[in-house]
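Per-entry structural report
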Amino acid sequence: DAKTTQPNSMESNEEEPVHLPCNHSTISGTDYIHWYRQLPSQGPEYVIHGLTSNVNNRMASLAIAEDRKSSTLILHRATLRDAAVYYCILRDVWNYGGSQGNLIFGKGTKLSVKP
Amino acid sequence: EPEVTQTPSHQVTQMGQEVILRCVPISNHLYFYWYRQILGQKVEFLVSFYNNEISEKSEIFDDQFSVERPDGSNFTLKIRSTKLEDSAMYFCASRDRGAGANVLTFGAGSRLTVL
């Protein structure tokens, strides 16, 4: 799976929007963009994923650049509970149905939320 | 919401002892994983398991490690002779196939401390 680049850390104020960037310039046409997060002392947790179009769910929105070489995870109103490490991960769609499909985690972005 | 359950939450053991970490994946999931996270470091893939056999393993998963699905509900990780460097959080994960194939659900982890 192709590599991603994220800032090591970001800060946000509570109840303000947060935009977490991810660069993936070597993304292939069959790579899905996944976001997971890890709250303190917890296991990773799925946030959202997408291929080409922007995606929304109850947790966040995912904005994908037209050339797919970058994406942004958007938390519309950060809460203290959103303080976590956020991981941007590419997964080849051909791995989905196969016996592999494991995630390869990078260092992620540590998000701090100030009250 | 269905969850992955791991036991014990914390285990302390002496170097050289055998340890078994247990996981109960989500009931209709077919693919199972173990990851580990040494304190302050990345989440690392250890092994994936499907159809009662290992489908992929990392270089970390050497002969000291084994996995088993002894019955229809449990998925275990055994470390035969623990070393100091095995001290870490161990996360179990599971996923479905088909429409659910893109989401791995992780447990809260088992902390292993080797003295």
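I will try to describe carefully the structure that is included in this document.

A word on the overall build of chain A
Assigned secondary structure in chain A consists of zero helices and nine strands. Going residue by residue from the N terminus, the α and β elements of chain A occur as β-β-β-β-β-β-β-β-β. Principal-axis analysis of the C-alpha atoms gives chain A an extent of 40 × 30 × 25 Å. A buried classification covers 45% of the 115 residues belonging to chain A. Of all intrachain contacts in chain A linking residues separated by at least 6 positions in sequence, the fraction that spans at least 24 positions is 60%. Put simply, chain A shows about 5800 Å² of open surface, and 48% of that area lies on carbon and sulfur atoms. Both charge centroids of chain A, one from 11 positive and one from 11 negative side chains, sit 4 Å from each other.

Quick look at the sheet that holds strand β3 (residues 19-24) of chain B
All names here are of chain B. Read across the open sheet, the four strands follow the order β1-β3-β8-β7; overall the sheet is antiparallel. Among the strands making up the open sheet, the edge pair consists of β1 (5-7) and β7 (65-68). Averaged over all pairs of adjacent strands, the angle between their axes in this sheet comes to 15 degrees, without regard to strand direction. Pairing between β1 and β3: three bridges, direction antiparallel. Bridge pairing in β3 links T5 to V24.

Quick notes on the pairing of strand β2 (residues 18-23) of chain A
Residues and elements named next belong to chain A. With burial as the criterion, only one face of β2 is covered, namely that bearing V18, L20 and C22; the residues H19, P21 and N23 on the opposite face remain uncovered. The sheet contact formed by β2 and strand β7 (residues 70-75) spans six bridges and is antiparallel. Opposite L20, over in β7, you have L73 as the bridge partner.

Description of the sheet that holds strand β6 (residues 61-64) of chain A
Sheet architecture is open: four strands sit in the order β2-β7-β6-β5 (chain A), paired in antiparallel fashion. The two strands at the open ends of the sheet, each matched to only one other strand, are β2 and β5 (55-56) of chain A.

Remarks on the side chain of D86 of chain B
Residue and element names in this part refer to chain B. On the secondary structure map, D86 appears in the loop between β8 (75-79) and β9 (88-95). Buried charge without a partner: D86 forms no salt bridge, and the closest opposite charge is R36, 4.3 Å away. Each residue touching D86, except ones within four places of it in the same chain, is listed here: R36, F65, I79, S81, L112 and V114.

With respect to the environment of I79 of chain B
Residue and element names in this part refer to chain B. Among the secondary structure elements, I79 is positioned in strand β8. Under the relative-accessibility criterion, I79 is labelled buried at 0%. Separated by 34 residues in the primary sequence, I79 and F45 have C-alpha atoms spaced 15 Å apart. Ignoring sequence-local partners within four residues, the contact set of I79 consists of Q17, E18, V19, Q64, F65, D86, Y90 and L112.

A short note on the side chain of S48 of chain B
Inspection of the secondary structure puts S48 of chain B in strand β5 (residues 43-50). Among the polar contacts made by the side chain of S48 of chain B, one reaches the side chain of S55 of chain B at a distance of 2.9 Å.

Overview of the nonpolar core
Counting 23 residues, the largest nonpolar core has W34, L46, F61, V67, F75, L77 and Y90 of chain B as its most contacted members. Counting only elements with at least two residues in this core, the list comes to β3, β4 (31-37), β5, β7, β8, β9 and β11 (110-114) of chain B. For Y90 of chain B, the contacting residues outside a window of four places in its chain are Q6, L21, W34, Y35, R36, L46, F65, L77, I79, G109, S110 and L112 of chain B. Ranked by size, the runner-up nonpolar core spans 21 residues in total, among them W35, L39, I48 and L90 of chain A.

Focus on the interface of chain B and chain A
Listed per partner, the contact involves 21 residues of chain B and 25 residues of chain A. In total, chain B and chain A occlude about 1700 Å² of area from one another, counting both sides; carbon and sulfur atoms represent 52% of this. At the level of elements, β4, β5, β6 (53-57) and β9 of chain B are the ones that each hand at least two residues to the side of chain B that touches chain A. In terms of residue class, the side of chain B that touches chain A is built from 12 nonpolar, five polar and four charged.

Here's the deal with the state of the cysteines
In this structure the tally under the stated criterion is two disulfides over all chains. Disulfide pairing places C22 of chain A opposite C88 of chain A at an S-S distance of 2.1 Å. Between C22 of chain A and C88 of chain A, the S-S dihedral sits near -85 degrees, and the bridge is therefore left-handed. Of the two residues, C22 of chain A sits in strand β2 while C88 of chain A sits in strand β8 (residues 84-92), which places them 66 residues apart along the sequence. There is a disulfide in this structure between C23 of chain B and C92 of chain B, and the S-S distance comes to 2.0 Å. Looking down the S-S bond of the C23 of chain B and C92 of chain B bridge, the torsion is -65 degrees, so its handedness is left-handed. With C23 of chain B in strand β3 and C92 of chain B in strand β9, this pair connects stretches of sequence that are 69 residues apart. On the basis of relative accessibility, which here comes to 0%, the residue C23 of chain B falls in the buried class. For C92 of chain B, a relative accessible area of 0% gives the class buried.

About the cut-offs
Residues numbered from 1 in each chain as written. Chains lettered and ligands numbered in written order. Predicted model: local features only at pLDDT ≥ 70, side-chain atom pairs only at ≥ 80, totals over all residues. Heavy atoms only, no water. Helix = DSSP H or I, 4+ residues; strand = E, 2+ residues; numbered from the N terminus. Buried < 20%, exposed > 50% of the residue type's maximum accessible area, 1.4 Å probe, protein only. Contact = heavy atoms within 4.5 Å. Areas by Shrake-Rupley, 256 points an atom, 1.4 Å probe, with all protein chains shown as cover. Lys, Arg positive; Asp, Glu negative; His and termini not counted. Charge placed at Lys NZ, Arg CZ, Asp CG, Glu CD. Pairing = 2+ DSSP bridges. Axes fitted to C-alpha atoms, helices over the stretch in contact; angles between N-to-C directions. Salt bridge = Lys/Arg side-chain N within 4 Å of Asp/Glu carboxyl O. Polar contact = N/O pair within 3.5 Å; in protein donor to acceptor, adjacent residues only side chain to side chain. Core = buried A, V, L, I, M, F, W, Y, C linked by side-chain atoms within 4.5 Å. Buried area = accessible area lost by both parts, 1.4 Å probe. Nonpolar A, V, L, I, M, F, W, Y, C, P; charged D, E, K, R; others polar. Disulfide = S-S within 2.5 Å.

Take it as geometry only, folks, not as evidence of what the structure does.
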